[in-house]
There are 2 protein chains.
Amino acid sequence: MAATDKALAGLRQMIASGELGPGAKFPPEPELCDHLGVSRSSLREAARSLAALGVIESRHGSGTYVSALDPAEIISRFSLSVELIPLEGVLQLLEVRRVLEAHATAAAAARQDPELEEKLGDILDKLEATTDAGEIQALDAEFHGSICAAGGNPTVTALTGVIRGRGGHYRIFEPGADFEAIKQTSDRGHRAILAAIAHRDPAAAATAASAHIAQTELWLRALRPQPQVALEDD
Amino acid sequence: MAATDKALAGLRQMIASGELGPGAKFPPEPELCDHLGVSRSSLREAARSLAALGVIESRHGSGTYVSALDPAEIISRFSLSVELIPLEGVLQLLEVRRVLEAHATAAAAARQDPELEEKLGDILDKLEATTDAGEIQALDAEFHGSICAAGGNPTVTALTGVIRGRGGHYRIFEPGADFEAIKQTSDRGHRAILAAIAHRDPAAAATAASAHIAQTELWLRALRPQPQVALEDD
DNA sequence: GGCCAGAAGTGGTCTGAGGACTTACGCTGG
DNA sequence: CCAGCGTAAGTCCTCAGACCACTTCTGGCC
């Protein structure tokens, strides 16, 4: 087995065996090198792999630690790769989002939470009042994200959030020929979701959310726009 | 910005900008170091991060390439981290699997595919005839995996597969007090799913799949067994 | 008791060298 | 001319050593 793979397997085994639980601290790098029988370069490359996957965290000057191993945090790491997926793959991911978000929206509707409804109403008021593409995207994310969070499963919230972020790179809401029509359809979809939640109707909420996201898929398939290339600074 | 982060951002930007598409080859490491203004160590650590996320692939002696950027392949990389998630997080993930697999099973039922039904029947015949834990797990994965594949969305298949693999580390099917009862309930659940698919009844298929996985969640919550610690060799 | 400076511990980065593997070229023999 | 093969170039992989940057703890000072 190659050196880096050996180090990778060793580090993972230390966690999988229970020797190191969430938040635990690894021995210093020189000690790990000795224990695993690899050079420091190879150990560090293996550690970078696990850090990229959200399994461990290196803190400069302090040490290397096992992460919380929380699935929501681990899934969030996927945005680094998902943001690079081409349109064809994004459409497959949007189906995942549609199914999961319909489920989460239904769960949110089953709850009795006036504060949530008020918050969602405020978001939609702002959303319907703006035509700025960036603001639309941010408010849309806040609307759907709040609903998913109310659904009660942080992992679902994280997964749908990553996919939503990827879709947002496409310029559906840039001013253009169909801007008004698209914006109105989108706004109506949001109101339908909120109405279903306010009526405590999980089935209607799921249907409304599913239809809303399916509409986004249709726009993407039809427009096939080029994604924005700019990446945020890390 | 730290050196490794600078290299990471640079590599991602080369892909995001469209300069390098799926399958494209990167310049040699020394050239990239010069271009990005970092040392080879830092560049290699950044490359390892992206390789762990399934975005790039380094081939010894050949070069470094952009991956196919296929969402199913990228999601498969998650098994490295998902396999380390503790039970509490696995339950959140199982809800994701339940929702997605119900959806995929419904899609499979909507198709008319006698070959699939025959294949699934054969798998269940073997599954009902064995009591070996490893064989049960393999056949169960083949059964559900075949159905998801028939659902038509490879990304859904990959995601459910990763989660199923994680759940399989728990020893539900180890011989014990409730082994017989659990096995019978599981077998009946599989037959119900197959029957719904054979009857071309998507709604029934979704319900059967959802109930089957929900049952697994209940067992996991009740038993809270310790996961097997052994990891497969890479 | 609180604050601050120094020291120890630890990860981050760079440089240089040699090894291992893949690929492509050109030679040889048919 | 073509197939087979060996060599050479190209590229990534691993190691070793040194130094830097950041965090944390300790001890003394006010």
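Residues numbered from 1 in each chain as written. Chains lettered and ligands numbered in written order. Predicted model: local features only at pLDDT ≥ 70, side-chain atom pairs only at ≥ 80, totals over all residues. Heavy atoms only, no water.

Under the annotation held in an unreviewed UniProt entry, chain A carries the name FadR/GntR family transcriptional regulator and is attributed to Kribbella sancticallisti.

Chemist: Outline the relation of the copies chain B and chain A, listing residues and values.
Modeler: Placing chain B over chain A gives an RMSD of 0.0 Å and needs a rotation angle of 180°, together with 0.0 Å of translation along the axis. In symmetry terms, the pair is related by a two-fold rotation axis. A high fraction, 100%, of the interface residues of chain B reappear at the interface in chain A, so the copies pair face to face through one surface. (Least-squares fit on C-alpha atoms with pLDDT ≥ 70 in both. Contact = heavy atoms within 4.5 Å.)

Chemist: An account of the protein's contact with DNA strand D is needed here, citing residue identities and associated values.
Modeler: Close to DNA strand D lie 23 residues; T4 and S42 of chain A together with R40, R44 and G61 of chain B are nearest. Sugar and phosphate atoms constitute 70% of the interface atoms of DNA strand D, taking the interface as everything within 4 Å of the protein. One of the side-chain N or O atoms of T4 of chain A is found 2.8 Å from a phosphate oxygen in DNA strand D. One of the side-chain N or O atoms of R48 of chain B is found 3.5 Å from a phosphate oxygen in DNA strand D. Counting residues per element, the ones that place at least two in the surface near DNA strand D are α1 (3–16) and α3 (40–52) of chain A together with α3 (40–52), β1 (56–59) and β2 (63–66) of chain B. (Near = heavy atom within 4 Å. Polar contact = N/O pair within 3.5 Å; in protein donor to acceptor, adjacent residues only side chain to side chain. Helix = DSSP H or I, 4+ residues; strand = E, 2+ residues; numbered from the N terminus.)

Chemist: Tell me about the UniProt feature "domain: HTH gntR-type" (unreviewed entry) in chain A, and name the residues and values.
Modeler: Here, the residues flagged by UniProt with the feature "domain: HTH gntR-type" (unreviewed entry) are residues 1–69 of chain A. Taken end to end, residues 1–69 of chain A has its terminal C-alpha atoms 27 Å apart, with 51% of it in helix and 12% in strand. (UniProt positions renumbered as here; feature names shortened; annotations may be inferred.)

Chemist: Hey, could you go over the interface of chain B and chain A for me, with residue numbers and the actual values?
Modeler: Counting residues at the interface gives 44 residues for chain B and 44 residues for chain A. For the pair chain B and chain A, the summed buried area comes to about 4600 Å², and 67% of that belongs to carbon and sulfur atoms. Remark: the boundary between chain B and chain A carries 6 salt bridges. In this structure, the salt-bridge partner of E83 of chain B is R12 of chain A, at a minimum N-O distance of 2.9 Å. Summed over the shared surface of chain B and chain A, the number is 18 residue pairs in polar contact (both at pLDDT 80 or more). Contributions of two or more residues to the side of chain B that touches chain A are made by α1 (3–16), α3, α4 (71–76), α5 (79–82), α6 (87–110) and α9 (154–167) of chain B. At 9 residues, α6 of chain B tops the list of elements feeding residues into the side of chain B that touches chain A. Of the residues that constitute the side of chain B that touches chain A, the class distribution is 24 nonpolar, 11 polar and 9 charged. (Buried area = accessible area lost by both parts, 1.4 Å probe. Salt bridge = Lys/Arg side-chain N within 4 Å of Asp/Glu carboxyl O. Nonpolar A, V, L, I, M, F, W, Y, C, P; charged D, E, K, R; others polar.)

Chemist: Which residues make up the packing of aromatic side chains, and what are the values?
Modeler: Summed over all chains, the structure comprises 1 aromatic pair over all chains. Between F78 of chain A and F78 of chain B, the ring centres sit 2.4 Å apart and the planes meet at 15°, which makes this aromatic pair stacked. Residue F78 of chain A is found in the loop between α4 (71–76) and α5 (79–82), and its partner F78 of chain B is found in the loop between α4 and α5; the two belong to separate chains. Side by side, F78 of chain A and F78 of chain B carry an identical accessibility label, which is buried. Note that R59 of chain A overlies the ring of Y65 of chain A, its terminal NZ or CZ placed 3.9 Å from the centroid. (Phe/Tyr/Trp six-rings, centres within 6.5 Å; stacked < 30°, edge-to-face > 60°. Buried < 20%, exposed > 50% of the residue type's maximum accessible area, 1.4 Å probe, protein only. Lys NZ or Arg CZ within 6 Å of the ring centre and 35° of its normal.)

Chemist: Please set out empty space enclosed by the protein residue by residue, giving values where relevant.
Modeler: Following the criterion strictly, the structure yields 3 cavities of 30 Å³ or more and no others. Counted as a void, the largest cavity has a volume near 210 Å³. Contributing to the lining of the largest cavity are 17 residues, with F78 and L159 of chain A together with I75, F78 and L159 of chain B lying nearest its centre. Listed by contribution, the elements that provide at least two residues to the lining of the largest cavity are α9 (154–167) of chain A together with α4 and α9 of chain B. Among the residues forming the lining of the largest cavity, the class breakdown is 17 nonpolar, no polar and no charged. (1 Å grid on protein atoms, 1.4 Å probe; cavity = no way out; pocket = protein on both sides within 12 Å on 5 of 7 lines; lining within 4 Å. Points joined across faces, edges and corners; volume = space filled by probe spheres on them.)

Chemist: Account for the pattern of salt bridges, with residues named and values stated.
Modeler: Side chains that carry opposite charge are capable of pairing whenever their charged atoms lie near each other. One pass over the structure, following the stated rule, counts 26 salt bridges over all chains. A salt bridge links E45 of chain B to R48 of chain A; its shortest N-O distance comes to 2.7 Å. Of the two residues, E45 of chain B sits in helix α3 while R48 of chain A sits in helix α3, which places them in two different chains. With relative accessibility at 25%, the residue R48 of chain A sits in the partly exposed group. With its nearest N and O atoms 3.2 Å apart, the salt bridge here joins R164 of chain A to E101 of chain A. In this pair, R164 of chain A sits in helix α9 while E101 of chain A sits in helix α6 (residues 87–110), placing the two residues 63 residues apart along the sequence.

Chemist: Which residues make up the pairing of β1 of chain B, and what are the values?
Modeler: Residues and elements named next belong to chain B. As paired strands, β1 and β2 are joined by 4 bridges and run antiparallel to one another. Residue pairing for β2: E57 is matched across the bridge by Y65. Between β1 and β2, which follow one another and run antiparallel, lie 3 residues, and G61 among them has a positive phi close to 85°. (Pairing = 2+ DSSP bridges.)

Chemist: Please set out the protein's contact with DNA strand C residue by residue, giving values where relevant.
Modeler: If you check the shell around DNA strand C, you find 23 residues, and the closest are R44 and G61 of chain A together with T4, S39 and S42 of chain B. Among the atoms of DNA strand C lying within 4 Å of the protein, the sugar-phosphate backbone contributes 64%. At 2.7 Å from a base nitrogen of DNA strand C is found a side-chain nitrogen or oxygen belonging to R40 of chain A. The contact in question runs from a base nitrogen of DNA strand C to an N or O atom on the side chain of H60 of chain B, over 3.2 Å. When contributions to the surface near DNA strand C are tallied by element, the ones reaching two or more residues are α3, β1 (56–59) and β2 (63–66) of chain A together with α1 and α3 of chain B. Tallied by class, residues from the surface near DNA strand C come to 4 nonpolar, 13 polar and 6 charged.

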